[in-house]
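Chains, contacts and geometry: an overview
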Amino acid sequence: MRVLLFLAACAPRESIPVYEVVRGPFQHRVTAEGTLKAAKATRVSVPSDVRRSVRLAWLAAEGTMVEEGEVVARFDASDMEERLREGRSDLASASLEVEQTKIEGSIKLAGLETDYKVADLELEHAKSFRKADASVFSRHDIIEDQIDEQLAGERKQHAGSAQERQQDLGRTELELLAIKQRKAQLTIDEARQGLQALEVRAPHAGLLTLIRNWQGESPQVGSEMWSGQEFAEIPELTKMEAEVFVLEADAGGLVVGKPATVIVESAPDVVHPATIRRVDAVAKPRFRGSPVQYFGVTLELEKTDPEVMKPGQRVRATLLLAELEDAVVVPRQAVEQESGETRVYVREGGELVPRPVKIGTASMGLMEITEGLVGGEIIALRPPGGGGDAEEAEAAAPSMALGGKT
């Protein structure tokens, strides 16, 4: 390094601004923007009685003060009415099929009953007039009557079996039609319940706020929705909180419990104390297509002023992420990080010499040095590009003392 400085001295000297290291108090603050929201809110959703998708026909304007039981949304009844007509038509068709099946079954059973009675009479006749006396009738006549009697018995048995099969078949057909009737009735009941549920009413009094999707779009008339889908909320205005977004680069030390202050843009003269209640686990873009990442942070307000604070109002917040009573803090541009090593350039004699340091808390403009520097030392505000001695640098740019708050 001495050789490098020596060679650099052969070139024209450059003016390098310097900074006198001072120990003192240090506060790491970051700013964030966001909106107010209610700590508690009742969600309004498409009723569960609606089994299929429905279209939004009317929606109360966002920010409307509603009373308990007041209608806040209506859904298009066309699909439900069509389903009701279809269900009634299917039920009527199934009922006609039941009657037709019963009549046809009765006719078939009556014919089979006649066949059974005829077969029974033929069997009785065959038994009564059977030729059995061998002394009177020939063997041929006797065998023929025996065959006729056997055939009559089989016809009777067949007629009885046919009756049983027809009865079983009729019952099966009626059971299938009963299922069809129940299905049609279920469609009718669901359509009726859906028609009754197409008006959504406020569960309690409050300020209606619409729920936006992942694209930031609020529900619109004509939007297709499903059973249980949440589309609005009615917040409780007695307790508000702020939802703000902190740049990923500023998020060092961002943890639950840290203090903050909030200013409502509509009343900028009042500062409201708050505390970090929740921090998102993962940084995400605030806007679609933007590469800039933010951590979502929820701030719990110490006190809610209902006259000033309304859901959706824009706020500016200041978060205190670190507060040190005694710290060595230097400007961020004075710290060089390269190949895994962190260093600053310290004036030693007539030269700016690199020295390894360890950093602690850091903000956008300042870094805390935990090891490697002490108060009173002079450092370069940027790494020397072509060399030069610190005395000339200091003469060219007088020392500065930075400390206190940032």
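Rules used throughout
Residues numbered from 1 in each chain as written. Predicted model: local features only at pLDDT ≥ 70, side-chain atom pairs only at ≥ 80, totals over all residues. Heavy atoms only, no water. Helix = DSSP H or I, 4+ residues; strand = E, 2+ residues; numbered from the N terminus. Buried < 20%, exposed > 50% of the residue type's maximum accessible area, 1.4 Å probe, protein only. Lys, Arg positive; Asp, Glu negative; His and termini not counted. Salt bridge = Lys/Arg side-chain N within 4 Å of Asp/Glu carboxyl O. Contact = heavy atoms within 4.5 Å. pLDDT = per-residue confidence, 0-100. Phe/Tyr/Trp six-rings, centres within 6.5 Å; stacked < 30°, edge-to-face > 60°. Lys NZ or Arg CZ within 6 Å of the ring centre and 35° of its normal. Pairing = 2+ DSSP bridges.

A look at the side chain of Asp250
Looking at the secondary structure, you find Asp250 in the loop between strand 12 (240–247) and strand 13 (259–264). Here Asp250 is buried and forms no salt bridge, its nearest opposite-charge partner Arg332 lying at an N-O distance of 6.8 Å. Leave out the neighbours within four places in its chain, and Asp250 touches His28, Val30, Leu321 and Met364.

As for the confidence of the model for the protein chain
The predicted model of the protein chain averages 81 in pLDDT, with 88% of residues at 70 or higher. Under a pLDDT of 50 for its full length, residues 1–12 has, in the predicted model, 7 contacts with residues more than four places off or in other chains. Considering only residues more than four positions removed or in separate chains, one finds that residues 386–406, a stretch of pLDDT under 50, has 47 contacts.

What about the packing of aromatic side chains?
This model, assessed by the stated rule, comprises 1 aromatic pair. Judged by centre distance (6.0 Å) and plane angle (85 degrees), the ring pair of Phe75 and Phe231 falls under edge-to-face. Placement of the pair is Phe75 in strand 6 (residues 71–75) and Phe231 in strand 11 (residues 230–235), with a sequence separation of 156 residues. Over the ring of Trp58 we find Arg74; its NZ or CZ atom is 5.1 Å from the centre of that ring. Positioned above the aromatic ring of Tyr294, the side-chain terminus of Arg286 is 5.6 Å from the ring centre.

Considering the pattern of salt bridges
A complete count under the given rule lists 22 salt bridges for this structure. Between Glu241 and Lys37 there is a salt bridge whose closest N-O contact spans 3.8 Å. Note that Glu241 is positioned in strand 12 and Lys37 in strand 2 (residues 23–38), a separation of 204 residues in sequence. Exposure remark for Glu241: the relative accessible area of 5% places this residue in the buried category. By relative accessible area, which is 26% here, Lys37 ends up partly exposed. Among the ionic contacts, a cluster of salt bridges with common partners joins Glu33, Glu265, Arg314 and Arg316.

Section: the sheet that holds strand 11
Spatially, the 3 strands line up as an open sheet ordered 3-11-9, and their pairing is antiparallel. Bordering the open sheet on either side are strand 3 (41–45) and strand 9 (209–210), each of which pairs with just one other strand. Here 2 bridges tie strand 9 to strand 11, and the two strands are oriented antiparallel to one another. Bridged to Thr209 within strand 11 is Glu233.

Here's the deal with the pairing of strand 17 (residues 314–331)
In terms of strand pairing, strand 2 meets strand 17 through 12 bridges, oriented antiparallel. Counted as the bridge partner of Glu33 is Arg316 from strand 17. Note: strand 13 against strand 17, 5 bridges, orientation antiparallel. Within strand 17, the position partnered with Val262 by the bridge is Ala317.

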